[in-house]
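Residue strings, one per chain:
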Amino acid sequence: MIQIQAMRHDSAALAQYVGLFEKAFPKNARFTVAYLDWLYNANPDGLAIGFNAWAGDTLVAHYVCIPACVQIHGTVVRAMLSLNTATHPAHQGKGLFTRLANATYDAAAAMGIEAVYGIANANSTPGFVQKLGFKLIKPLDAQIGWGTLGVDWNSVMSRTIFSRQWNNANLSWRMANPKNTVYMHRRPDCAQFFAKAKGWALPAYAECRSDLPDMPSQMLRLSNAAPHLYLGLLPDGTRRSSTYVNVPDVLRPSPLNFIYRSLSGSVQTLEGDGISLSFLDFDAY
């Protein structure tokens, strides 16, 4: 008999989640109690929302989203980012992920969460779309280059219909990832963000406006000598010039897709253009 229960956030529960991740993903050493405590409990936008499946006293499945404030069609709303999911190898293929996801979305809607979004790979996208009511909005751009992205930020502001809302508190939290610190360098035209991707030989790269209120004061300038890996989306026509080129499909481990689902029905649907997204907005690095 499988029981579905809301997630707990205490240290004992975090340790149980780590144990399940180790069984489900034995080659992935990313998950630790410290990392999950940062991700699930320290987020200024709110505690993680999710559900667990239990077979007696054994945790057999886990699904979690984290709250995030986003701007959709000019209105700032409470949303959440779909993140961690794991199922014990002995209980896979039983539909547990779908049950946990639906329970999570129902609970989130009751808490006033307006929408859920995520970044899904090619294997998981069909399940989100066909079983959970998500819409595939657009594949992420994957590019390698040097310097800045050549973004016209005034144009981005006027054309964006979806973006994460960053401030000092949640951006400082995001940069403090205990598994992969994010570093920032503020330029007159933009703020640059770097994190390890293929080590520092190919760092992950993101940009945002340099005039955002309450930007973190702690910054570190990294060398622009190494090429940068950009994963994200910007509204069409908002990049004036760029040294970045597309990563060939054969070199991409899996295409990443931006997916979205309204939970309240009050938030307008999204289309492919008008999305501002970078690695800061999801958990790639």
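Thresholds applied
- Residues numbered from 1 in each chain as written.
- Predicted model: local features only at pLDDT ≥ 70, side-chain atom pairs only at ≥ 80, totals over all residues.
- Heavy atoms only, no water.
- Helix = DSSP H or I, 4+ residues; strand = E, 2+ residues; numbered from the N terminus.
- Rg over C-alpha atoms; globule rule 2.2 N^0.38 Å.
- Buried < 20%, exposed > 50% of the residue type's maximum accessible area, 1.4 Å probe, protein only.
- Contact = heavy atoms within 4.5 Å.
- Areas by Shrake-Rupley, 256 points an atom, 1.4 Å probe, with all protein chains shown as cover.
- Lys, Arg positive; Asp, Glu negative; His and termini not counted.
- Charge placed at Lys NZ, Arg CZ, Asp CG, Glu CD.
- Pairing = 2+ DSSP bridges.
- Salt bridge = Lys/Arg side-chain N within 4 Å of Asp/Glu carboxyl O.
- Axes fitted to C-alpha atoms, helices over the stretch in contact; angles between N-to-C directions.
- Parallel < 35°, antiparallel > 145°, perpendicular 65-115°, else oblique.
- Left-handed = near helix turned anticlockwise from the far one by under 90°.
- Nonpolar A, V, L, I, M, F, W, Y, C, P; charged D, E, K, R; others polar.
- Polar contact = N/O pair within 3.5 Å; in protein donor to acceptor, adjacent residues only side chain to side chain.
- Phe/Tyr/Trp six-rings, centres within 6.5 Å; stacked < 30°, edge-to-face > 60°.
- Lys NZ or Arg CZ within 6 Å of the ring centre and 35° of its normal.

### A closer look at the overall build of the protein
Each helix and strand in the protein was counted, giving six helices and 14 strands. Relative to a compact globule of 285 residues, whose C-alpha radius of gyration would be 19 Å, the protein shows 19 Å and is just as compact. In terms of overall dimensions, the protein has a C-alpha envelope of 60 × 40 × 40 Å along the principal axes. Among the 285 residues that make up the protein, the fraction classed as buried is 49%. A separation of at least 24 residues holds for 75% of the contacts in the protein among residues at least 6 apart in sequence. Within the structure as shown, the protein displays about 12,900 Å² of accessible surface, and the carbon and sulfur contribution to it stands at 53%. Charged side chains in the protein number 24 positive and 19 negative. The centres of these two groups are separated by 5 Å.

### So, helix H2 (residues 33-41)
When we look at burial in H2, the residues that qualify are Tyr-35, Leu-36, Trp-38, Leu-39 and Tyr-40. Residues of H2 that are buried in the fold lie against helix H1 (11-24), strand E3 (58-72), strand E4 (75-87) and helix H6 (168-175).

### A short note on the sheet that holds strand E7 (residues 141-145)
Spatially, six strands are ordered E9-E10-E11-E12-E7-E13 in an open sheet, and the strand pairing comes out mixed. Two strands bound the open sheet, and with one partner strand each, they are strand E9 (183-186) and strand E13 (245-246). Two strands pair when backbone bridges link them, and strand E10 (residues 191-197) and strand E11 (residues 199-208) are joined in this way by six bridges, in the antiparallel orientation. Among the inter-strand pairings, Ala-191 is bridged to a residue of E11, identified as Cys-208.

### Overview of the pattern of salt bridges
Using the criterion set out here, one finds five salt bridges in the structure. Between Asp-189 and Arg-187 there is a salt bridge, with its nearest N and O atoms 3.0 Å apart.

### Some details on the packing of H1 against H2
Interhelical geometry of H1 versus H2 gives an angle of 115° and a closest axis separation of 9 Å. If you check the angle between H1 and H2, you find them roughly perpendicular. Crossing of H1 over H2 shows right-handed handedness. Taken together, the residues of H2 that come into contact with H1 (itself represented by Leu-14, Ala-15, Tyr-17, Val-18 and Phe-21) are Val-33, Leu-36, Asp-37, Tyr-40 and Asn-41. Residues that form the contact of H1 with H2 fall into these classes: eight nonpolar, one polar and one charged.

### Here's the deal with the side chain of Gln-71
Structurally, the position occupied by Gln-71 is in strand E3. Polar side-chain contacts of Gln-71 include one of 3.2 Å to the backbone nitrogen of His-73.

### Re the packing of aromatic side chains
This structure, assessed with the given rule, holds 18 aromatic pairs. Taken together through their ring pairs, the aromatic side chains of Phe-21, Phe-25, Phe-31, Tyr-35, Trp-38 and Trp-173 make up a single cluster. The side chain of Arg-164 reaches across the aromatic face of Trp-166, ending 4.2 Å from its centre.

### A short note on the pairing of E11
Consecutive residues of a regular strand have side chains that alternate between opposite faces of the sheet. The element E11 is extensively covered by neighbouring structure, given that seven of its 10 residues are classed as buried. Where E10 hands over to E11, the hairpin turn is made up of one residue, counted between the paired strands. Two elements, E11 and strand E12 (residues 228-232), share two bridges in a ladder whose sense is parallel. Its bridge partner being in E12, Ala-204 is matched across the sheet by Leu-229.

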